[in-house]
Amino acid sequence: MGLHGVKAVFFDLDNTLIDTAAAGRRAIEEPPRPLQVISALQSKHHYGEGEARAICDKVQAKLLKECHDPAKMCITDLRISHWEEAIQETIGGEAKRDLAAECYYLWKTTRLQHLTLAEDTRAMLTELRKGLRLLLLTNGDRQTQREKIEACACQPYFDAIVVGGEQKEEKPAPSIFHYCCDLLGVQPAECVMVGDSLDTDIQGGLNAGLKATVWLNKAMTAPVDTAPVPHYIISSVLDLPAVLERMEHNINAKLETDHMASSDE
């Protein structure tokens, strides 16, 4: 693989290689020691279960709508504010910054503990890297993403790692994809982007003129009519090698057809 067609694959991180959403839920709900957030709010701070769950649900909603400008506020302060607002919206009374900070750090620490690169994913990356260059391309705040990368210990599986928060522009801007190509010494037409976001991963790959985009659609839901159209759709990242083999087969078949046509002439 890579001789005539694909030379590099770019992977998204969150909810593509690691299940960040599930780790966030487990950080809130699971009650082993150290106590997770709902358990801590109940046992240590004597909130009712309904109140504790309401606080956590409000934080989850705020995280989904989060817009972070690192020039204005660090990610830690922003996320402590999420917890502070959620507590005040649920309980009322004065702001509880200390409690909010305690909840945030408990949630963050526990989430990082649950971020793992699955063994079968590790095996797939190891095998792919025998014939391709691999790059991790993730949007997000520098500190937050680097902590996740460290937690799941994925560095050895990639030739390069690029965090959007460290660049002038993030996905879907073409510039960050072209920067990745330059890092690996490849052309956009030799690269494939794999990710779960149509708006950033797929649209970005299309914007940058990559050879192909592969959308990880775990739920296998139909994209809306206005969504960018990926070249391939998979339900598991482990389906990627089969897609790459199919691409290589198609490229070789076209080369053979072209060769036969030129010989006839």
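Starting from 1, residues in each chain are numbered consecutively following that chain's sequence as written. Where totals are concerned, whole chains, interfaces and linings use all residues; where local detail is concerned, this predicted model gives features only for residues with pLDDT of at least 70, and gives and counts side-chain atom pairs only at 80 or more. Excluded from the side-chain calculations are hydrogens and water; all other atoms, namely the structure's heavy atoms, are used.

- If you look the protein chain up in an unreviewed UniProt entry, it shows as NANP phosphatase from Leiothrix lutea.
- UniProt positions are given in the numbering used here, feature names are shortened, and annotations may be inferred rather than shown by experiment. Checking UniProt for the protein chain, the heading Cofactor (unreviewed entry) contains the comment "Mg(2+)".

## Describing the sheet that holds strand E4 (residues 191-195)
Moving on, step 1. For two strands to be treated as a pair, DSSP must find at least two bridges joining them. Where helices and strands are cited, they refer to DSSP runs of H or I of at least four residues and of E of at least two residues respectively, numbered from the N terminus. Across the sheet, which stays open at both edges, the six strands sit in the order E3-E2-E1-E4-E5-E6 with parallel pairing between neighbours. A single partner strand is all that each edge strand has here, and the edge strands are strand E3 (160-163) and strand E6 (232-234). Recorded for the sheet is a direction-independent mean angle of 20° between the axes of neighbouring strands.
Moving on, step 2. Relative to strand E2 (residues 133-138), strand E1 (residues 8-11) runs parallel, the two sharing four bridges. Following the sheet pairing, Val-9 is matched in E2 by Leu-134. Fitting a line to C-alpha atoms yields each axis, with helices limited to the stretch in contact; the angle taken between N-to-C directions then spans 0 to 180 degrees.

## A short note on the nonpolar core
Moving on, step 1. In these notes, a set of buried Ala, Val, Leu, Ile, Met, Phe, Trp, Tyr and Cys residues joined through side-chain atoms within 4.5 Å is what counts as a nonpolar core. A simple rule labels every residue: compare its accessible area, found with a 1.4 Å probe on the protein chains alone, to the largest value its type can have, and call it buried under 20%, exposed over 50%, or partly exposed in between. Of all hydrophobic cores here, the largest spans 34 residues; its most connected members are Val-9, Phe-11, Leu-136, Phe-158, Val-192 and Leu-240.
Moving on, step 2. In terms of residues, this core owes the most to one element, helix H10 (residues 240-264), which gives four residues.
Moving on, step 3. For Val-192, the contacting residues outside a window of four places in its chain are Val-6, Ala-8, Val-9, Phe-10, Leu-210, Ala-212, Val-214, Leu-244 and Met-247.
Moving on, step 4. If you look at the next biggest cluster of nonpolar residues, it comprises 22 residues, including Ala-40, Leu-99, Ala-101 and Leu-106. Two residues qualify as a contact provided that any one of their heavy atoms is within 4.5 Å of a heavy atom in the partner residue.

## Observations regarding the pairing of E2
Moving on, step 1. With five of six residues buried, E2 lies mostly within the body of the structure.
Moving on, step 2. Sheet topology places E2 next to E3; four bridges connect them, and they run parallel. Of the residues in E3, the one forming a bridge with Leu-137 is Val-162.
Moving on, step 3. Call a crossover right-handed when, viewed with both strands pointing away from you, the route from the first strand across the helix to the second goes clockwise. As for the winding sense of the linkage, the β-α-β connection from E2 through helix H7 (residues 142-152) to E3 is right-handed.

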